[in-house]
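These are the residues of each chain, in order.
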Amino acid sequence: MPARFTAFSADPITVARRLLGQRLVRVINGQRLAGTIVEVEAYLGADDAAAHTYRGRRTARNAAMYLPGGHAYVYFTYGMHHCLNIVCGKADEGVAVLLRAIHPTEGLKRMHRNRPSAKRETDLCSGPAKLTQALAIDRSLNEIDMCASRSLFLERLRSRALPPSRILCTRRIGVDYAQEWADRPLRFLIKDTLWASRGR
DNA sequence: CCCGTGATTTAT
DNA sequence: TAAATCACGGGG
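Here the structure is a predicted model, which means the values were calculated and not measured.

Asker: When you look at the overall build of chain A in this model, what are you seeing that I'm missing?
Answerer: Scanning chain A from N- to C-terminus turns up three helices and eight strands. Traced from its N-terminal end to its C-terminal end, chain A shows the element sequence α-β-β-β-β-β-α-α-β-β-β. Reported as C-alpha extents along the three principal axes, the dimensions of chain A are approximately 40 × 40 × 40 Å. Residues counted as buried form 52% of the 200 residues belonging to chain A. A sequence separation of at least 24 residues applies to 60% of the contacts in chain A between residues at least 6 apart.

Asker: Can you walk me through unusual backbone geometry in this structure?
Answerer: Leaving glycine aside, a negative phi is the common case for residues, and trans is the common case for peptide bonds. Positioned with a positive phi, Y78 is a non-glycine residue whose angle comes to about 55°. Mapped onto the fold, Y78 is located in the loop between β3 (72–77) and β4 (81–87). The phi torsion at D92 lies on the positive side, around 75°, for a residue other than glycine.

Asker: Teacher, can you tell me more about the pattern of salt bridges here?
Answerer: Between side chains of opposite charge, a pair can form when the charged atoms approach closely. One pass over the structure, following the stated rule, counts 13 salt bridges. Ionic pairing is found between D145 and R4, a salt bridge with its closest N-O pair at 3.0 Å. You can see D145 sitting in the loop between α3 (128–134) and β6 (152–155) and its partner R4 sitting in the segment before α1 (12–19), a full 141 residues away along the chain. Put simply, R23, R32, E106 and E155 are held in one network by salt bridges that share partners.

Asker: Quick question: what am I supposed to make of the side chain of R26 here?
Answerer: Positionally, R26 belongs in strand β1 (residues 23–28). No salt bridge is formed by the buried R26. Its closest oppositely charged neighbour is D138, at 5.9 Å. Within the local environment of R26, its side chain forms a polar contact with the backbone oxygen of L135, the two atoms lying 3.0 Å apart.

Asker: Is there a simple way to explain the side chain of T53 in this structure?
Answerer: Secondary-structure assignment places T53 in the loop between β2 (31–43) and β3. Excluding residues that lie within four positions of it along the chain, T53 makes contacts with G45, A46, N62, M65, Y66 and G94.

Asker: Hey, could you run me through the protein's contact with DNA strand B in this one?
Answerer: All residues in the neighbourhood of DNA strand B are listed as R57, T59, R61, F76, T77, Y78, G79, M80, H81 and R139. For DNA strand B, the fraction of atoms within 4 Å of the protein that belong to sugar or phosphate moieties is 60%. Within the side chain of R57, one N or O atom sits 3.3 Å away from a phosphate oxygen of DNA strand B. G79 places a main-chain nitrogen or oxygen 3.1 Å from a base nitrogen of DNA strand B. Classifying every residue of the surface near DNA strand B gives three nonpolar, four polar and three charged.

Asker: Please explain the pairing of β4 as it appears in this structure.
Answerer: Successive residues of a regular strand alternate their side chains across the two faces of the sheet. The buried fraction of β4 amounts to six of the seven residues, a majority that puts the element mostly inside the structure. Inspection of the sheet shows β3 paired to β4 by six bridges, in the antiparallel sense. Bridging from a neighbouring strand, Y75 pairs with C83 of β4. Here β3 folds back onto β4, and the loop between the two strands holds three residues, one of which, Y78, carries a positive phi near 55°.

Asker: Explanation requested: the packing of aromatic side chains in the structure shown.
Answerer: Scanning the entire structure with this criterion turns up one aromatic pair. It is R58 that lies over the ring of Y66; its NZ or CZ is 3.9 Å from the centre. Sitting over the ring of Y75, R61 keeps its end group 5.5 Å from the ring centre.

Asker: Looking at this structure, I do not really get the environment of A129. What am I missing?
Answerer: With respect to the element layout, A129 can be found in helix α3. The spacing of A129 and E39 is 90 residues in sequence and 13 Å in space, taken between C-alpha atoms. Excluding residues that lie within four positions of it along the chain, A129 makes contacts with H81 and H82.

Criteria and cut-off values
Residues numbered from 1 in each chain as written. Chains lettered and ligands numbered in written order. Predicted model: local features only at pLDDT ≥ 70, side-chain atom pairs only at ≥ 80, totals over all residues. Heavy atoms only, no water. Helix = DSSP H or I, 4+ residues; strand = E, 2+ residues; numbered from the N terminus. Buried < 20%, exposed > 50% of the residue type's maximum accessible area, 1.4 Å probe, protein only. Contact = heavy atoms within 4.5 Å. Salt bridge = Lys/Arg side-chain N within 4 Å of Asp/Glu carboxyl O. Lys, Arg positive; Asp, Glu negative; His and termini not counted. Polar contact = N/O pair within 3.5 Å; in protein donor to acceptor, adjacent residues only side chain to side chain. Near = heavy atom within 4 Å. Nonpolar A, V, L, I, M, F, W, Y, C, P; charged D, E, K, R; others polar. Pairing = 2+ DSSP bridges. Phe/Tyr/Trp six-rings, centres within 6.5 Å; stacked < 30°, edge-to-face > 60°. Lys NZ or Arg CZ within 6 Å of the ring centre and 35° of its normal.

Here it is in structure tokens:
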């Protein structure tokens, strides 16, 4: 079996930066729901105290993170929220990028129906669990291959990556328990975007 | 600021 | 088996 190589086979920091400006597409009941990725976070695997794969942990929940790059890791948390990651690297590295916000561009009416609490368009997909709710992404999509799926995949909008001058890099959100790893600059967002999560 | 909410993880 | 945790969102 030849080793698989995709755009997601790189390290998670490289993939995170490349994902900004690409379009995330969800097709459900024949309808396209889509938006431009504006905010992501890299999770670096066994060394990263904020990662679900910290210290090489392998559990039923995080098994998808050990698949080869390009697979989806969807997990359920706080009794009500789903978060979507794209696995990076080679099999068994346990590294991924969390999708934290998109600028919604297609299927907005349907997204509003999926997320009745969102008052404004800027509330629709401006957080990791907001975007999964708007796009109807749940654990049924865990472990799918986003390079092959017709239900959840990416489309490249630009052939070139965004220039570094248009990318802002900060500490990650909501991982204070990870101490010094919480301060590492592993969150990437498009500078001046109106569509990112308001960091807490 | 606090709380819901329940699967998952970790401690006993 | 029991307790604690949680890559969050919404409402004051």
